[in-house]
Amino acid sequence: MKIEAHALEHYYGAEHILRGVDLSIPSSGFTAIIGESGSGKTTLLSILSTLLQPTGGTVTYDGKALAELGNIDLFRRRNIGFVFQFHYLISYLSLRENVALAALAPEGIDPLMERLGIGRLGSRYSDEVSGGERQRAAIARALINHPSVVFADEPTGNLDTKNALGVYELFREFSNSGTGFIVASHDKKIADFADTIIEMEDGIVKKIHH
Ligand SMILES: Nc1ncnc2c1ncn2[C@@H]1O[C@H](COP(=O)(O)OP(=O)(O)O)[C@@H](O)[C@H]1O
Ligand SMILES: [Mg+2]
């Protein structure tokens, strides 16, 4: 699947935040969106991932505007996974139950948790595991329905360097087996793991490195 942005503009009130962004991103591979805090990464990622409607311009998935994708809830559920800085796991449910809650089919839950290195932690609650393990559970939840693409916004914002690198390695590994990742981060180390790096500055794409 190819995700394209055409002449994106975004305002919050009178503040002009995204100032003409054109991009073409394959939903396979690992794409990092980097830039200083305030450069517009979250705004861009939210628009690309269908969560935020831009003030101007369009996003297309395989050439289709969002309005042409049919039921958008269904489209998201089938095609997109989301990971945020804060894990948003439900504290009353175990890690496994959190993943199961999102799963359309139960079969893949245990192998996926195993592959993410949290196989033996399924019955633990989020306050009984480390930050890195919590984020792995959130990644399992994002991956459980085999989305074409996972969008992650500062997924390592609450992690130490070792756990952050572990998360980038997971994205690398899963992107080698076909799932796409589009990840916004102010952490430049992510660039060592990504196939494509989109550098944002003051609401425009400053540079694209491959
Ligand atoms: N909901 C909002 N309302 C008003 N201003 C916002 C809102 N969200 C972000 N901004 C502003 O837009 C700019 C870009 O923000 P953001 O996209 O979050 O950048 P980044 O993720 O790179 O830090 C910042 O100046 C921020 O203060
Ligand atoms: Mg941000």
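These figures come from a predicted structure and were not determined experimentally. (Residues numbered from 1 in each chain as written. Chains lettered and ligands numbered in written order. Predicted model: local features only at pLDDT ≥ 70, side-chain atom pairs only at ≥ 80, totals over all residues. Heavy atoms only, no water.)

1. Thoughts on the pairing of strand β9 (residues 196–201)
Here β9 lies mainly inside the structure; five of its six residues are buried. For strand β3 (residues 30–34) and β9, the ladder comprises four bridges, and the chain directions are parallel. Bridge pairing in β9 places Thr31 opposite Thr196. Remark: two residues form the turn of the hairpin made by β9 and strand β10 (residues 204–209), two consecutive strands paired antiparallel; Asp202 in that turn has positive phi of roughly 45°. (Buried < 20%, exposed > 50% of the residue type's maximum accessible area, 1.4 Å probe, protein only. Helix = DSSP H or I, 4+ residues; strand = E, 2+ residues; numbered from the N terminus. Pairing = 2+ DSSP bridges.)

2. As for the pattern of salt bridges
By the definition in use, this model includes seven salt bridges. Across the salt bridge formed by Arg96 and Asp110, the nearest N and O atoms sit 2.9 Å from each other. Here Arg96 is found in helix α3 (residues 95–102), whereas its partner Asp110 is found in helix α4 (residues 109–115), with 14 residues between them in sequence. The shortest N-O distance in the salt bridge between Glu173 and Arg115 comes to 3.4 Å. With a gap of 58 residues between them, Glu173 in helix α6 (residues 161–176) and Arg115 in helix α4 connect regions that are remote in the sequence. Judged by its relative accessible area of 35%, Glu173 falls in the partly exposed class. With a relative accessible area of 41%, Arg115 lands in the partly exposed category. A single salt-bridge network, built from bridges that share partners, covers Glu199, Glu201 and Lys206. (Salt bridge = Lys/Arg side-chain N within 4 Å of Asp/Glu carboxyl O.)

3. Looking at the sheet that holds strand β1 (residues 2–12)
Within the open sheet, the four strands sit side by side as β2-β1-β4-β5. Their pairing is antiparallel. Every other strand in the sheet has two partners, leaving β2 (15–26) and β5 (64–65) as the edge strands with one partner each. Strand direction decides the pairing type here: strand β4 (residues 56–61) and β5, joined by two bridges, are antiparallel. The residue of β5 that forms the bridge with Thr60 is Ala65.

4. A closer look at the site of ligand 1
By nearness alone, every residue bordering ligand 1 is listed as Tyr12, Ile17, Glu36, Ser37, Gly38, Ser39, Gly40, Lys41, Thr42 and Thr43. Between ligand 1 and Lys41 there is a distance of 2.8 Å, counted from an oxygen atom to a side-chain nitrogen or oxygen. Bound to the protein, ligand 1 loses 59% of the 560 Å² it would expose on its own. Per-element tally for the shell around ligand 1: the top contributor is helix α1 (residues 41–48), with three residues. Its residues assigned to classes, the shell around ligand 1 comprises two nonpolar, six polar and two charged. (Near = heavy atom within 4 Å. Polar contact = N/O pair within 3.5 Å; in protein donor to acceptor, adjacent residues only side chain to side chain. Areas by Shrake-Rupley, 256 points an atom, 1.4 Å probe, with all protein chains shown as cover. Nonpolar A, V, L, I, M, F, W, Y, C, P; charged D, E, K, R; others polar.)

5. Section: the nonpolar core
The biggest cluster of nonpolar side chains holds 36 residues, and the ones touching the most others in it are Phe30, Leu116, Phe171 and Phe181. Listing elements by their share of this core, those giving two or more residues are β3, α3, α4, α5 (131–143), β7 (149–153), α6 and β8 (180–185). Counting 23 residues, the second largest nonpolar core, distinct from the first, contains Leu45, Leu69, Val149 and Ala184. (Core = buried A, V, L, I, M, F, W, Y, C linked by side-chain atoms within 4.5 Å.)

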